[in-house]
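Notes for the structure review
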Amino acid sequence: MSDPVERLASANREYGEYGGVNPSIEISTTFTVLDAKTLPDIFSGKRGPEKKEGACYLYGRSWSPTVHTLGRQLAVLEDTEAAYAVASGMAAISSAVLAICNSGDHVVCSNCVYGGTFAFMKTYLPLKTGISVSFVDITDLAAVEAAFTSTTKVLFTEVLSNPTLVVSDLPALASIAHAHGSHLVVDNTFTPLAVTPARWGADVVVHSMTKFISGASDVIAGAVCGSNQFLQQLMDLQTGPIMLQGPTMDPRIASELLLRLPHLPLRIQEHSRRAQAMAEVLEELGAKVVYPGLPSHQHHATLKRLLNPGYGYGGLVGLDMGTPTKAEAVSQHCVLLRWRWLCIAILRVFGLC
């Protein structure tokens, strides 16, 4: 199914322990083993929550039932074999990269990425792990191709960059990455439902669910979506970044997010509707607007080609004021009008459309 909402509607539903319409919240940190003879298989990874026979959970830092339920829903959303939720978007990104790369490997990364991602790639990876990173203009396919080396293992980009709204040509990037035997890792934080990166060749999809999936600026959360084999790498008892670094999601948070997924389509559609209307009005007034839903956006055609019908071009609008002084003045004016709050994450806009 190409429509992510149809996939969600047709997915197997998890019911509560006593028949409740919502999944139960399992807060246990450790789980019972009824047969001591199964312990070697559990610790070797031969038995786990997805095994058809002798399925079991071991410890809350790896697989947790409620978080696992959320992961299955996210996999359906992103059309991947599997997914798992973690404590933040940066936990998702770092776990994905560290599961693929070892010391001495190389990453090619878009130069238009979230600030935390940029710091992780530019400073943390070379300093702490010996993994080198090259930054490129992700829209310059020749430059992307030229940045690859014999040790490149990951090409990392965002579907719609945070906050500059640069669009990545996912099929072209996937072709380049796969030709070099590398993984395409795509951050889909700004375009859940609107774009399905796995359909365009992404090997791994990551999210900061803090933004649109959560929707209320009250939850810090992330997700990693990929193949069953990749999820097993993340959870490996000896080398798995999620298992050993412990970016564990609280089951209560997983339950909160499970309750929000059913109305995510309505929220994304309304985000896009309002953003499109605002961008069009501002452009008509002569403002320099950055929004991929406008034909004037340099990557409008690229994103249009990637979109799932019915979810719009996303909920983020940029306004280029030309100078920091003008930008600060407009920001302060919007605060006085109570149109938005100034904060370090995504700005919240109310009552404009």
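Residues numbered from 1 in each chain as written. Predicted model: local features only at pLDDT ≥ 70, side-chain atom pairs only at ≥ 80, totals over all residues. Heavy atoms only, no water.

1. Things to note about the overall build of the protein chain
Broken down by element type, the protein chain carries 13 helices and 9 strands. Expected size for 353 residues packed as a compact globule is a radius of gyration near 20 Å; at 21 Å, the protein chain falls within 12% of this value. Going through the 353 residues of the protein chain one by one, you find that 47% of them count as buried. Residue pairs at least 24 apart in sequence account for 66% of intrachain contacts in the protein chain once pairs closer than 6 positions are excluded. About 17100 Å² of surface is accessible on the protein chain, with carbon and sulfur atoms providing 55% of the total. Side chains of the protein chain carry 26 positive and 30 negative charges; the gap between the two charge centres is 4 Å. (Helix = DSSP H or I, 4+ residues; strand = E, 2+ residues; numbered from the N terminus. Rg over C-alpha atoms; globule rule 2.2 N^0.38 Å. Buried < 20%, exposed > 50% of the residue type's maximum accessible area, 1.4 Å probe, protein only. Contact = heavy atoms within 4.5 Å. Areas by Shrake-Rupley, 256 points an atom, 1.4 Å probe, with all protein chains shown as cover. Lys, Arg positive; Asp, Glu negative; His and termini not counted. Charge placed at Lys NZ, Arg CZ, Asp CG, Glu CD.)

2. Details of the confidence of the model for the protein chain
Averaged over the protein chain, the pLDDT score is 91; the fraction of residues at 70 or greater is 93%. Scored below 50 in pLDDT, residues 349–353 makes 12 contacts in the model with residues more than four places away or belonging to other chains. (pLDDT = per-residue confidence, 0-100.)

3. Re the environment of Ser132
Relative to the helices and strands, Ser132 is located in strand 3 (residues 132–136). For the pair formed by Ser132 and Thr151, sequence separation is 19 residues and the distance between their alpha carbons is 9.4 Å. For Ser132, the residues in contact, after removing those within four places along its chain, are Asp105, His106 and Val107.

4. Focus: the packing of aromatic side chains
With the rule as written, the count across this model stands at 5 aromatic pairs. Ring centres of Trp63 and Tyr84 lie 5.0 Å apart, and the angle between their planes is 85°; this geometry places the pair in the edge-to-face category. In this pair, Trp63 is assigned in the loop between helix 2 (39–43) and helix 3 (65–78) and Tyr84 in strand 1 (residues 82–86), connecting sequence segments 21 residues apart. Taking relative accessible area as the criterion, Tyr84 reaches 3% and is therefore assigned buried. Look at Phe118 and Phe135: their rings are 4.7 Å apart centre to centre, the planes differ by 40°, and that puts the pair in the tilted class. A residue pair is termed long-range when its members are at least 10 positions apart, and Phe118 in helix 5 (residues 115–129) and Phe135 in strand 3 qualify at 17 residues. (Phe/Tyr/Trp six-rings, centres within 6.5 Å; stacked < 30°, edge-to-face > 60°.)

5. A few points about a nonpolar patch on the surface
Together, Val33, Leu39 and Phe43 give the surface a local cluster of nonpolar side chains, amounting to about 240 Å² of exposed area. The residue Val33 is located in the loop between helix 1 (4–10) and helix 2 in this model. Residue classification places Val33 among the partly exposed positions, given a relative accessible area of 33%. (Patch = residues over 30% accessible without salt bridge, like charges linked within 9 Å, V, L, I, M, F, W, Y side chains within 5 Å. Salt bridge = Lys/Arg side-chain N within 4 Å of Asp/Glu carboxyl O.)

6. As for the pairing of strand 3
The pairing of strand 2 (residues 106–110) with strand 3 spans 5 bridges and is parallel. Bridging across to strand 3, Val107 finds its partner in Val133. Crossover strand 2 to strand 3 through helix 5 is right-handed. (Pairing = 2+ DSSP bridges. Right-handed = clockwise from strand over helix to strand, strands pointing away.)

7. Topic: the side chain of Thr69
Relative to the elements of secondary structure, Thr69 occurs in helix 3. We classify Thr69 as buried; its relative accessible area is 7%. Filtering out sequence-adjacent residues up to four positions away, Thr69 remains in contact with Glu14, Pro23 and Leu258.

8. Considering helix 5
Taking 1.5 Å per residue as the helical rise, helix 5 with its 15 residues ought to reach 21 Å, and the 19 Å between its terminal C-alpha atoms agrees with that figure. At Thr123, helix 5 shows its largest kink, close to 35°, and the proline Pro126 lies no more than four residues downstream. Buried within helix 5 are the following residues: Thr117, Phe120, Met121 and Leu125. Here the buried face of helix 5 lies against helix 4 (89–100), strand 2, strand 3 and strand 4 (152–158). Residue Gly130 follows helix 5 closely and has a positive phi angle near 75°. (Expected span 1.5 Å × (residues − 1). Bend = angle between axes of the 7 residues up to and from the residue.)

9. A word on the sheet that holds strand 7 (residues 222–226)
Taken in spatial order, the 7 strands of this open sheet run 1-7-6-5-4-2-3, and their pairing is mixed. Edge positions in the open sheet fall to strand 1 and strand 3, since each of these has one partner strand only. Between one strand axis and the next, the sheet turns by 20° as a mean value, whatever way the strands run. Both strand 5 (residues 183–187) and strand 6 (residues 204–208) contribute to a ladder of 3 bridges, which runs parallel. Residue Val186 lies in a different strand from strand 6, and its bridge partner there is Val205. Together, strand 2, strand 3 and strand 4 form the strand contacts of helix 5, whose direction differs from that of strand 3 by roughly 140°. (Axes fitted to C-alpha atoms, helices over the stretch in contact; angles between N-to-C directions.)

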